[in-house]
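Tertiary structure, described
Okay, here's what each chain looks like letter by letter:
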Amino acid sequence: MFNSLQTKLFTTLTLAVALAAQTNPASAESDGLKSLSAQWWQWALSIPSAQNPLLDTTGEKCMVGQRGATWFLAGVFGGGDPIVRNCTVPDNVNLFIPVVNSVNLNSPNVCGQGPVDISVADLRAGVAPFIDGAINLLVEVDGKPLKHLRRVQSKVFAATLPEDNIFDSPCASLGGVPAGVYSPAIDDGIYAHIGNLKAGPHTLHIHAENPSAGFVLEVTYNLNVARVSPR
């Protein structure tokens, strides 16, 4: 970890046609994507560990905390062994998914950070090298590679962590992480924002690496898209 609450993670995505070899950070600087990346972390960090989709090995938690017209899919907290998840989503939602992303939270006197606040600029500098070093980003939907991945630096946001949060385990030797609101927080990552999938089964697969950090991720979603009847 850096001198604040910081983690790296990879995630499954959706849809079809050919992953670009390079991503352009400048192309992702829309307010909509910046807001969504912040909301993705607010969703992921607010869920207790026992129910958190980032720690789920089967997909049974994929619906936790979902609402509205956009659903978030999660990867695996910190990477690790390959996993397969089974997940059902409605056919009338968009999916917003990180391929690889990293969050940094200002956390005075928590998890190794000293009493001094960390600036937004330093928080961003702490996570950028991890995203810069991400390679071999392969995303397939039904066997077809996905393109139109975008690098996004989130808006500055506040993250609310429950008592049983996903940072407790990695920070256990430093006293854990108490529940509370942590601010400022930022994210840097590569994302996909996908429109409605047709009803029926789909297979989503992602592979990502960061050799310098020793991270490898491989996740497969067996996705069942359920038809929602119009009223």
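An account of the accompanying structure is given in this report. (Residues numbered from 1 in each chain as written. Predicted model: local features only at pLDDT ≥ 70, side-chain atom pairs only at ≥ 80, totals over all residues. Heavy atoms only, no water.)

A word on the overall build of the protein. Within the protein, the secondary structure is distributed over 2 helices and 12 strands. When the helices and strands of the protein are read in sequence order from the N terminus, they spell out β-α-β-β-β-β-α-β-β-β-β-β-β-β. A buried classification covers 52% of the 231 residues belonging to the protein. A sequence separation of at least 24 residues applies to 80% of the contacts in the protein between residues at least 6 apart. Working note: accessible area of the protein is about 10100 Å², and carbon and sulfur atoms make up 53% of it. (Helix = DSSP H or I, 4+ residues; strand = E, 2+ residues; numbered from the N terminus. Buried < 20%, exposed > 50% of the residue type's maximum accessible area, 1.4 Å probe, protein only. Contact = heavy atoms within 4.5 Å. Areas by Shrake-Rupley, 256 points an atom, 1.4 Å probe, with all protein chains shown as cover.)

Now for helix H1 (residues 31-46). Side chains three or four residues apart in an α-helix point the same way, a direct result of the helix having 3.6 residues per turn. Here H1 is 16 residues long and its end C-alpha atoms lie 22 Å apart, about the 22 Å a rise of 1.5 Å per residue gives. Every buried residue belonging to H1 is among Leu33, Lys34, Ser35, Leu36, Ser37, Ala38, Trp40, Trp41, Trp43, Ala44 and Leu45, and all of these are buried. (Expected span 1.5 Å × (residues − 1).)

Time to look at the pattern of salt bridges. A complete count under the given rule lists 3 salt bridges for this structure. Asp132 is paired through a salt bridge with Arg151; the nearest N and O atoms lie 2.7 Å apart. In this pair, Asp132 is assigned in helix H2 (residues 120-132) and Arg151 in strand E8 (residues 150-153), connecting sequence segments 19 residues apart. Judged by its relative accessible area of 9%, Arg151 is buried. Put simply, Arg151 and Asp188 hold a salt bridge, and the shortest N to O gap is 2.9 Å. Of this pair, Arg151 sits in strand E8 while Asp188 sits in strand E10 (residues 180-194), and the two are 37 residues apart along the sequence. The exposure classification of Arg151 matches that of Asp188, with both residues buried. Linked through salt bridges whose partners overlap, the residues forming this network are Asp132, Arg151 and Asp188. (Salt bridge = Lys/Arg side-chain N within 4 Å of Asp/Glu carboxyl O.)

Geometric values such as these leave the question of function open.
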